[in-house]
Amino acid sequence: MAEAEFLSNLTRFFRNQAHFDALEHFVIPELMRIKQAAGNTTIKIWSAGCSTGEEPYSIAMLLSEILPPPWKFEIAAGDISPRSLAAGKEGFYADSQIVGISDNYLKKYFDKVDGGYKVRADIMSKIRFEHQDLKNGSALQDMDIVFCRNVLIYFDEEARAALMGHVWNSMAAKSFLFIGNSETLFGMDTRFEFVKTEWTALYRKFI
Ligand SMILES: C[S@@+](CC[C@H](N)C(=O)[O-])C[C@H]1O[C@@H](n2cnc3c(N)ncnc32)[C@H](O)[C@@H]1O
């Protein structure tokens, strides 16, 4: 059995709503200010360990709602599990998986199909699903926001430090990192700054 099959791919739409509140009310306004000054109106996001896609689709729906023109966003979503990635790419979610999505979002961003809902093509087009083994680093560059939530749990101490090094290298000079609610970088030798917001704590790279 492949390594990936032992791993939990547990996820859900808008998992840990406080992260999405901080994204909307803190991270995006900060990034708009920083990037506008540099004349760059595209926000690049990486969902690392994206599982079956609920995380990147939640981000895509929220950003579609809140980003005014000419702002654009693109999301790279990676996972080690081919089966999870295939589910994410298909964008079909059974009725039982449709939890935590407002009626407004459901109407706007999904089509009702037999047995569940399918993500609409315009939201799908914002996300590039790709196979990634986070132990080997990533070719992604200049990410403004990284969601690497509930993935560190799979790594031992040494591999966690290496992973955070890879994540750091993939991020833009001024950028933001979300890790899982029960995860911490405390005690790790990283250059990430801890940021406490009204909604949740997160990390930033500011060089
Ligand atoms: C618990 S899920 C988290 C999903 C999502 N980030 C969330 O918080 O809802 C963890 C995911 O990490 C993936 N994963 C574990 N080890 C990985 C590795 N070395 N490289 C890439 N993905 C990995 C698993 O396949 C699984 O889909």
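Structure report, in brief. (Residues numbered from 1 in each chain as written. Predicted model: local features only at pLDDT ≥ 70, side-chain atom pairs only at ≥ 80, totals over all residues. Heavy atoms only, no water.)

**Observations concerning the side chain of Ser 47**
Under the convention used in this document: The secondary structure listing takes helices from DSSP runs of H or I that are at least 4 residues long and strands from runs of E that are at least 2 residues long, numbered from the N terminus. Pairs of N or O atoms within 3.5 Å make up the polar contacts considered here, provided that, within protein, one atom can donate a hydrogen while the other can accept it, and that residues adjacent in sequence are counted only when both atoms are side-chain atoms. Contacts are assigned to residue pairs with any non-hydrogen atoms lying within 4.5 Å of each other.
By the element assignment, Ser 47 lies in strand β1 (residues 42-48). Separated by 2.7 Å, the side chains of Ser 47 and Glu 55 make a polar contact. The residues contacting Ser 47, other than those within four sequence positions of it, are Glu 55, Pro 56, Ala 76, Ala 77, Gly 78 and Phe 147.

**What about the pattern of salt bridges?**
Rules: Take a side-chain nitrogen of Lys or Arg and a carboxyl oxygen of Asp or Glu: if they are within 4 Å of each other, that pair is a salt bridge. The classification of residues rests on relative accessible area computed with a 1.4 Å probe and restricted to protein chains. Under 20% of the type maximum is buried, over 50% is exposed, and intermediate values are partly exposed.
Under the counting rule described, the total for this entry stands at eight salt bridges. Of the charged contacts, one joins Lys 35 and Asp 144 as a salt bridge, the two residues approaching to 2.8 Å between their closest N and O atoms. Placement of the pair is Lys 35 in helix α1 (residues 17-37) and Asp 144 in strand β7 (residues 143-148), with a sequence separation of 109 residues. Like Asp 144, Lys 35 is buried. Of the charged contacts, one joins Arg 149 and Glu 55 as a salt bridge, the two residues approaching to 2.8 Å between their closest N and O atoms.

**Topic: the site of the ligand**
As a reminder of what qualifies: Near is defined per residue: the residue qualifies when any heavy atom it owns lies within 4 Å of the molecule or strand. Only the protein chains shown count as cover for residues, with accessible areas throughout obtained via the Shrake-Rupley method and a probe of 1.4 Å. Following the grouping adopted for this structure description, the nonpolar residues are Ala, Val, Leu, Ile, Met, Phe, Trp, Tyr, Cys and Pro, the charged ones are Asp, Glu, Lys and Arg, and the polar ones are all others, Gly among them.
What surrounds the ligand is a group of 20 residues, the closest being Thr 11, Arg 15, Gly 49, Asp 79 and Asn 150. The separation between an oxygen atom of the ligand and a polar side-chain atom of Asp 79 is 2.6 Å. The contact in question runs from a nitrogen atom of the ligand to an N or O atom on the backbone of Leu 134, over 2.8 Å. Protein contacts shield 97% of the accessible area of the ligand, which totals 600 Å² for the unbound molecule. Residues belonging to the shell around the ligand are distributed by class as follows: seven nonpolar, eight polar and five charged.

**Description of unusual backbone geometry**
Negative phi is the rule for most residues except glycine; trans is the rule for most peptide bonds. Residue Pro 70 follows Pro 69 across a cis peptide bond; omega there is 5°. Mapped onto the elements, Pro 70 comes out in the loop between α2 (54-66) and β2 (72-79). Positive phi outside glycine occurs at Ser 51, with the angle close to 55°. With respect to the helices and strands, Ser 51 occurs in the loop between β1 and α2. The exposure class of Ser 51 is buried, given its relative accessible area of 5%. Of note in this structure, Asn 150 is not a glycine but carries a positive phi near 60°. Structurally, Asn 150 is set in the loop between β7 and α6 (157-170).

**What to know about the packing of aromatic side chains**
Note the following rule: What counts as a ring pair is set by centres within 6.5 Å for rings of Phe, Tyr and Trp (its six-membered ring), and what kind of pair is set by the plane angle: stacked under 30 degrees, edge-to-face over 60, tilted for all other angles.
Under the definition given, this model contains 14 aromatic pairs. Measuring from ring centre to ring centre gives 5.8 Å for Phe 13 and Phe 110, while their planes differ by 80°; the resulting arrangement is edge-to-face. You can see Phe 13 sitting in the segment before α1 and its partner Phe 110 sitting in strand β4 (residues 110-113), a full 97 residues away along the chain. Here Phe 13 falls in the buried class, since its relative accessible area comes to 2%. For Phe 110, a relative accessible area of 3% corresponds to the buried category. Ring plane angle 80° and centroid distance 5.6 Å describe the contact between Tyr 105 and Tyr 109, whose orientation is recorded as edge-to-face. With Tyr 105 and Tyr 109 both in helix α4 (residues 103-109) and four residues apart, this pair spans about one turn of that helix. Taken as a pair, Tyr 105 and Tyr 109 share a single burial class, namely buried. Linked through ring pairs, Phe 13, Tyr 57, Tyr 93, Phe 110, Tyr 117 and Phe 129 together constitute an aromatic cluster.

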